[in-house]
Amino acid sequence: MKLHHEAEEIRNGLLQESFAVRRGLEVFLESQKRCGHEHSSSAVTVGYDTLQILERFHLTVKAWSDRLSPPYLDDSLPHAIGHLVEGWKTRYPTLSIHLSVPTEWPIEAYSDHRAIVLVLDELFYRSSTEFPTLSAIAIHLYHHNAMGKLSVKLTQSVSPSPEQIQSQALIHLQRVSQGLTMGHCSYRWMGSEMQWELAWNRVPTLGQNVRSKH
Amino acid sequence: MQDTLQPSPDSNQIQTFLVVDDHEMVLGGTVAALRQHYPNAEVRVAQTASEALTLLNIHSIELVIVDLAMPQSSGEVARTDTGIQLLNQLMNQYPRLNIVVQSAHIRALVRLKFSISTHEGGFTVADKSLPMREMLTKVDWSLQGLIYTPKEMRSGLEMKPEWLEVLNLAFHHGLQDRAIAERMKVSERSVRHYWTKIQDALDVYPDEGINIRIQTEIRAREEGLLD
């Protein structure tokens, strides 16, 4: 939560000020252009150069706030997982990654969403390092009654070695997942596929998805 | 898009805009940009959700540019929930109001997907990282009644049955909007609004030299929505 608060302070503070400075400079440069001073003033040239720097600064700070608090954790678990998976696809373009999430999902506590996304990201990281022949990942988010469920199928191109089956990292991750989500986590091997299952009690917050009254 | 920003073609009409943001410097920059692009527009400001609703009740406003993180009243803490509730209230009370969400928290809009999909006015989204030119394009689009939502906010291609019916009647049967409206037993305005929703879902937006209906058909075929 501390990181989330820091991210919010950046979004509500530094990013707002960055926006205000950029916009003021853009309005000034546009007024100079309309007066025909675009090419005659070195100050205007410096202004455009400064604007480029400010735009890069704003995007860098925005990316920083996203690293502190990944997007959508406050708003939508399906979107949060979707954003995470898009990052994986960019980093591992040859890996087949399939995601199945519902379009509607009640908003749970930020900490619950963060725990699930953290576990998923760690599972991917561990798999990508421990299973060099990893060829496909299929992620399925769904709910059954009051339980939220995350199912991940990892497919290798070869059968796992005894060391991979007994991976201490995965055993540790299984325990941590249960601790963080207060739920149940299990995994099993079926040939060259590993099926990872996480289940937790969903506790919707008051910040439900808002529907129109008309 | 144009290389240089020109005053809006509709700048001769008196329009009233409302900018809602709790940061004074942000308000100043946005108001300055709007007055430059819409020199005849009256631009009003509000720094809280309560103030915004009061101004909307008093004045006839064509467009609202609203941040998401704001306080309910003066002296309170700015919260994204407050901005979300304000937006929902605006769309309920003023279903044809043109809205631009300008915020560093645009991802929170996923909570309003249903309300946005049924809103009858323009609705566009401008992240505060956008250059001024692109923000003003989003303002122009909203004033035209168009819908623009960032692709990352959508869960794949979501097409409502009535939108698919519009595509079918337009591109399989060759009907114009009035005939489509008669066939679907809705108003012509509703049909035009369905088009904006379809185009947003297919990532089709106005651009120089582009015939937007033909581009819509091309995209619909690419997505397998038309045989």
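Below or above, wherever it landed, is the structure these notes cover. Remember, predicted model here, so these are calculated numbers, not experimental data.

1. A look at the overall build of chain B
Counting its regular elements, chain B contains 9 helices and 6 strands. The globule rule puts the C-alpha radius of gyration for 227 residues at 17 Å, and the 18 Å found for chain B is close to it. Counting every position in chain B, which comprises 227 residues, the buried fraction comes to 54%. Considering only contacts within chain B whose residues lie at least 6 apart along the sequence, 67% involve residues at least 24 apart. Working note: accessible area of chain B is about 9900 Å², and carbon and sulfur atoms make up 47% of it. Averaged over its 22 positive side-chain charges, chain B has a centre that lies 4 Å from the centre of its 30 negative ones.

2. Section: a nonpolar patch on the surface
Taken together, Leu14(A), Phe57(A) and Trp64(A) make up a surface patch of nonpolar side chains, about 270 Å² in accessible area. Tracing the sequence through the fold places Phe57(A) in helix H2 (residues 42–68).

3. Quick word on the nonpolar core
The biggest cluster of nonpolar side chains holds 67 residues, and the ones touching the most others in it are Leu150(A), Trp196(A), Leu109(B) and Phe123(B). When residues of this core are assigned to their parent elements, the largest contribution, 7 residues, is made by helix H4 (residues 110–130) of chain A. Contacts of Phe123(B), omitting those with residues within four sequence positions, involve Leu87(B), Met91(B), Ile99(B), Val101(B), Leu109(B), Ile116(B), Ser142(B), Leu146(B), Ile147(B) and Tyr148(B).

4. Notes on the side chain of His79(A)
Relative to the assigned elements, His79(A) resides in helix H3 (residues 77–91). Look at His79(A) and you get buried, because its relative accessible area is 9%. One polar contact links His79(A) to Ser76(A), side chain to side chain, over a distance of 2.9 Å. Once residues within four sequence positions are removed from consideration, His79(A) is found in contact with Tyr72(A), Val110(B), Lys113(B), Glu152(B), Met153(B), Arg154(B) and Ser155(B).

5. Points about the sheet that holds strand E3 (residues 63–66) of chain B
All names here are of chain B. Pairing is parallel in the open sheet, where 6 strands are placed in the order E2-E1-E3-E4-E5-E6. Since the sheet does not close on itself, it has two edges, and those belong to strand E2 (42–46) and strand E6 (147–148), each with one partner. Two elements, strand E5 (residues 123–127) and E6, share 2 bridges in a ladder whose sense is parallel. In the strand pairing of E6, Thr124 is matched with Tyr148.

6. Details of the interface of chain A and chain B
Contacts between chain A and chain B engage 35 residues on the former and 47 residues on the latter. Together, the buried faces of chain A and chain B total about 3400 Å²; carbon and sulfur atoms form 53% of this surface. At the junction of chain A with chain B, the criterion picks out 3 salt bridges. A salt bridge links Arg111(B) to Asp75(A); the nearest nitrogen and oxygen atoms lie 2.7 Å apart. Seen at the junction of chain A and chain B, the total is 15 residue pairs in polar contact (both at pLDDT 80 or more). For the side of chain A that touches chain B, the element with the highest residue contribution is helix H1 (residues 2–34) of chain A, accounting for 15 residues. Classifying every residue of the side of chain A that touches chain B by side-chain character gives 9 nonpolar, 11 polar and 15 charged.

Thresholds, definitions, all that
Residues numbered from 1 in each chain as written. Chains lettered and ligands numbered in written order. Predicted model: local features only at pLDDT ≥ 70, side-chain atom pairs only at ≥ 80, totals over all residues. Heavy atoms only, no water. Helix = DSSP H or I, 4+ residues; strand = E, 2+ residues; numbered from the N terminus. Rg over C-alpha atoms; globule rule 2.2 N^0.38 Å. Buried < 20%, exposed > 50% of the residue type's maximum accessible area, 1.4 Å probe, protein only. Contact = heavy atoms within 4.5 Å. Areas by Shrake-Rupley, 256 points an atom, 1.4 Å probe, with all protein chains shown as cover. Lys, Arg positive; Asp, Glu negative; His and termini not counted. Charge placed at Lys NZ, Arg CZ, Asp CG, Glu CD. Patch = residues over 30% accessible without salt bridge, like charges linked within 9 Å, V, L, I, M, F, W, Y side chains within 5 Å. Salt bridge = Lys/Arg side-chain N within 4 Å of Asp/Glu carboxyl O. Core = buried A, V, L, I, M, F, W, Y, C linked by side-chain atoms within 4.5 Å. Polar contact = N/O pair within 3.5 Å; in protein donor to acceptor, adjacent residues only side chain to side chain. Pairing = 2+ DSSP bridges. Buried area = accessible area lost by both parts, 1.4 Å probe. Nonpolar A, V, L, I, M, F, W, Y, C, P; charged D, E, K, R; others polar.

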